[in-house]
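Chain and residue survey
Below, each chain spelled out in residue letters.
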Amino acid sequence: MSVLSKLRESLRRGQVYRRADFLPLSNNVDRHLKQLVEEGTLTKLAGGLYYYPTQTSFGAAPAEDKVLIKAFLKDHRFLLTSPNVYNTLGVGLTQLYNTTWVYNHKRHGHFRLGKLRYDFRMKRHFPKTLSEEFLLVDLVDNFHYLVDENYEATLESIKRRASRMNTKVLAKNIREYGGAKAKKFFQPLLAGAA
């Protein structure tokens, strides 16, 4: 069996691979990866990052965000979010954004992976999953990134929304995940609830 055949047999559909994953299987990994890309078996997403697509009736499906980001970071500790999720809080936000934020511990900056761009943001602390309390805290810290929003009216809506939340859970999210802006903004609300 040829090296190229062994490489093909080792692949699993829907998985994202790093160049290093093929080193134990190939004596000339760059040449073999180039061949697999040229024949259409693998799709090159970025330098050293490859995807073995799942085929659907509409063609090749894109890599799942979580699989892609995990391979890119070589880490499972990250949180995918977007400024669009702030709209679910009911504080009057209306804009839609074409960006995905990746809170993580390793990378910072904009990266194109395949056809999509991701905004990687290094944060010391973030939860495993999104919650309304975290989103409210995160919104205050990131409000300056949002465009065309009524600043004063939105801040008043955030205060009203916060007053309807479980104060202990909100305070925990502020302590654990809030930046300086959020801690300053929510301090009077928490002081009044103490």
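Presented here is an overview of the structure given in this document. Note that the coordinates shown come from a computational prediction; the quantities given were computed from them, not determined experimentally. (Residues numbered from 1 in each chain as written. Predicted model: local features only at pLDDT ≥ 70, side-chain atom pairs only at ≥ 80, totals over all residues. Heavy atoms only, no water.)

Let us look at the packing of helix H4 (residues 132–142) against helix H6 (residues 167–177). Where H4 meets H6, the closest approach of the two axes is 9 Å, and the angle between their N-to-C directions is 50°. Comparing the axis directions of H4 and H6 gives the class oblique. Relative to H6, the crossing made by H4 is right-handed. Contacts between H4 and H6 pair Glu133, Phe134, Val137 and Asp141 from the former with Val169, Leu170, Asn173, Ile174 and Tyr177 from the latter. Along the lines of polarity and charge, the residues of the contact of H4 with H6 split into six nonpolar, one polar and two charged. (Axes fitted to C-alpha atoms, helices over the stretch in contact; angles between N-to-C directions. Helix = DSSP H or I, 4+ residues; strand = E, 2+ residues; numbered from the N terminus. Parallel < 35°, antiparallel > 145°, perpendicular 65-115°, else oblique. Left-handed = near helix turned anticlockwise from the far one by under 90°. Contact = heavy atoms within 4.5 Å. Nonpolar A, V, L, I, M, F, W, Y, C, P; charged D, E, K, R; others polar.)

Time to look at the nonpolar core. Generally speaking, a soluble globular protein has its nonpolar side chains buried in company with each other. Counting 27 residues, the largest nonpolar core has Tyr86, Leu136, Leu139, Ile158 and Phe186 as its most contacted members. Those elements that place two or more of their residues in this core are strand E7 (100–104), H4, helix H5 (151–163), H6 and helix H7 (180–193). In terms of residues, this core owes the most to one element, H4, which gives six residues. If near-sequence neighbours (up to four positions away) are discounted, Leu136 is found in contact with Leu89, Val91, Ile158, Arg161, Ala162, Met165 and Phe186. Core analysis: the next-biggest nonpolar cluster, separate from the first, contains 16 residues, Val16, Leu45, Ala63 and Leu68 among them. (Core = buried A, V, L, I, M, F, W, Y, C linked by side-chain atoms within 4.5 Å. Buried < 20%, exposed > 50% of the residue type's maximum accessible area, 1.4 Å probe, protein only.)

No statement about biological role is implied by the geometric values presented.
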